[in-house]
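Topology and contacts: notes
Next come the chains, spelled out residue by residue.
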Amino acid sequence: MGRTASDAAQAPIDEHPWHGYALAVLAVAAGLLLRFLLNPLLGQQGPYLILTLSVVLAALYGGFGPAMLATALGTMAGTYLFVGTRPGWESVLAPHNITRTLLFIAIGVSISVIGGRLKASRRALRATISELRRSNRAKDQVLATVAHEIRNPLAALATANEVLQRSTTNPARVAWAAEIVGRQVKQIARMSDELMDTSKVLHGKIDMEMAPLDLREVLGQALDQSDPLIASKQHRLTPDIPGTPAPVRGDAGRLVQVFANLLNNAAKYTPPGGSIALTLSGADAAWQVTITDNGQGFDQGGGDELFEPFVQAPGVAATETSGLGLGLAIVKRIVELHGGSVVAQSAGAGSGATFTVVLPALTAQTTQ
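Residues numbered from 1 in each chain as written. Predicted model: local features only at pLDDT ≥ 70, side-chain atom pairs only at ≥ 80, totals over all residues. Heavy atoms only, no water.

1. Some thoughts on the nonpolar core
- One finds Leu215, Phe259, Leu262, Phe355 and Leu359 to be the most contacted residues of the largest nonpolar core, which totals 39 residues.
- Of all the elements in the fold, those that place two or more residues in this core are helix H8 (215-232), helix H9 (252-268), strand E4 (275-282), strand E5 (286-293), helix H10 (327-337), strand E6 (341-345) and strand E7 (353-360).
- If one sorts the elements of this core by residue count, H9 sits on top with nine residues.
- Ala24, Val28, Leu51 and Ile111 belong to the second-largest nonpolar core, a separate cluster that totals 15 residues. (Core = buried A, V, L, I, M, F, W, Y, C linked by side-chain atoms within 4.5 Å. Buried < 20%, exposed > 50% of the residue type's maximum accessible area, 1.4 Å probe, protein only. Helix = DSSP H or I, 4+ residues; strand = E, 2+ residues; numbered from the N terminus.)

Structure representation (structure tokens):
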């Protein structure tokens, strides 16, 4: 969606703040020129009236700083050109002229404050509109993704239904169709569970049973859960887990979900016979878990996007294990709820990927 005219006018000033100050100088120069042209009619009357418009323009498009600059320039130039008389500056110090000058300064400061708040409000409004547009696109993507992913199991169920209707007297065909029905129903149920889990995790509506635990045990359970998929694709798994405890505070079940998801992700996007390495390392402050594969990877700089809901690695065809693209979004939120961080890195397509999870270490101070 395109930007509005006001957005287009304001964006360059936000991107280059000096534009606002340049505009303030130009506005004051234009105001002085107009005031000079009207000087035969106005004389010493209203020396700052037109310059007030310059301050307004600077505040409207530049905010607080440019408006204050316009106020300062307008005060100095207006006083010198239209208040002071030659020879000498005695008239500047006249009470009525001092009052004019102070009144202009007060008005300029007030306009500057209002302009600064207006600029901040516009910036916040643009951010909100951008977020709403992003959410709207995400909603459309959700509908498209769910519709696409559910199409395959529904097609398989329709085929199985036809087989059951035509082959009621053939036990082998009935068993084959029943097996398809069972597998596809499990897939639809998994999608439903992912959607429900994502809604809870992303909105912080999950119960976390935080307790001291050994990260090595969590990784062991995650390896057990991902072993069937890794074995089915004949990957070489190389775990590097130290013999000393790795204490953290967290929800064991949720952390197992995190690392099992990352391991399954590595297995899915690595060609059969690939390599996957899991490394646990750390110091006193934090523990770091790194999962590296030699699979398809992704474009450099695209790691952050992978953690957005309903985003899948490019070029991945829909399969029974492809999912809805929710796993990494759930991983990121769970890790953040544990006070940690997760990043994804790749040298490019076909160069494999590395996912790194950092969790705060459980120390004597944190247990108190």
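2. Description of the pattern of salt bridges
- Per the stated rule, a full pass over the model turns up three salt bridges.
- For the salt bridge of Glu179 with Arg183, the shortest nitrogen-to-oxygen distance reads 2.5 Å. One end of the pair, Glu179, and the other, Arg183, are both in helix H7 (residues 171-202), four residues apart, so they sit about a helical turn from each other.
- We classify Glu179 as partly exposed; its relative accessible area is 43%.
- The exposure class assigned to Arg183 is partly exposed, which follows from its relative accessible area of 31%.
- With its nearest N and O atoms 3.8 Å apart, the salt bridge here joins Glu336 to Arg333. Of this pair, Glu336 and Arg333 both sit in helix H10, three residues apart, roughly one helical turn.
- Assessed through its relative accessible area of 38%, Glu336 is described here as partly exposed. (Salt bridge = Lys/Arg side-chain N within 4 Å of Asp/Glu carboxyl O.)

3. What to know about the packing of H8 against H9
- Here H8 crosses H9 at 35 degrees, and the two axes come no closer than 8 Å. As H8 runs across H9, the sense of the crossing is right-handed. Mapping the contact onto sequence places Leu215, Val218, Leu219, Gln221, Ala222, Leu223, Gln225, Ser226, Leu229 and Ile230 in H8 and Leu255, Val256, Phe259, Ala260, Leu263, Asn264, Ala267 and Lys268 in H9.
- Among the residues forming the contact of H8 with H9, the class breakdown is 13 nonpolar, four polar and one charged. (Axes fitted to C-alpha atoms, helices over the stretch in contact; angles between N-to-C directions. Left-handed = near helix turned anticlockwise from the far one by under 90°. Contact = heavy atoms within 4.5 Å. Nonpolar A, V, L, I, M, F, W, Y, C, P; charged D, E, K, R; others polar.)

4. What to know about the sheet that holds E4
- The five strands are arranged E2-E4-E5-E7-E6 in an open sheet whose pairing can be described as mixed. Every other strand in the sheet has two partners, leaving strand E2 (236-240) and E6 as the edge strands with one partner each. Across the sheet, the axes of successive neighbouring strands diverge by a mean angle of 10 degrees, strand direction being ignored.
- In this fold H8 packs onto E2, E4, E5 and E7, with an angle of close to 175 degrees to the strand it touches most, E4. (Pairing = 2+ DSSP bridges.)

5. Some points on helix H4 (residues 49-62)
- Taking 1.5 Å per residue, 14 residues should reach 20 Å; H4 reaches 20 Å between its end C-alpha atoms and fits that length.
- Within H4, burial applies to Ile50, Leu51, Thr52, Ser54, Val55, Ala58, Ala59 and Gly62.
- Downstream of H4 by one or two residues, Gly63 has phi in the positive range, about 95 degrees. (Expected span 1.5 Å × (residues − 1).)

6. A short note on the side chain of Ser54
- Here Ser54 is to be found in helix H4.
- The buried category is assigned to Ser54, whose relative accessible area is 3%.
- Look past the residues within four positions of Ser54 in its chain and what remains in contact with it is Ala27, Val28, Gly31 and Ala70.

7. Focus: the packing of aromatic side chains
- Summed over all chains, the structure comprises zero aromatic pairs.
- Lying over the aromatic face of Trp176, Arg173 brings its terminal NZ or CZ to 5.3 Å of the ring centre. (Phe/Tyr/Trp six-rings, centres within 6.5 Å; stacked < 30°, edge-to-face > 60°. Lys NZ or Arg CZ within 6 Å of the ring centre and 35° of its normal.)

8. As for the packing of H4 against helix H5 (residues 64-83)
- For the pair H4 and H5, the least separation of the axes is 7 Å and the interaxial angle reads 165 degrees. Here H5 runs roughly antiparallel to H4, going by the angle between their axes. Viewed along their axes, H4 and H5 form a crossing whose handedness is right-handed. In this structure, H4 contributes Leu51, Ser54, Val55, Ala58, Ala59 and Gly62 to the contact, and H5 contributes Phe64, Pro66, Ala67, Ala70, Thr71, Gly74 and Gly78.
- For the contact of H4 with H5, the residue count by class is eight nonpolar, five polar and no charged. (Parallel < 35°, antiparallel > 145°, perpendicular 65-115°, else oblique.)

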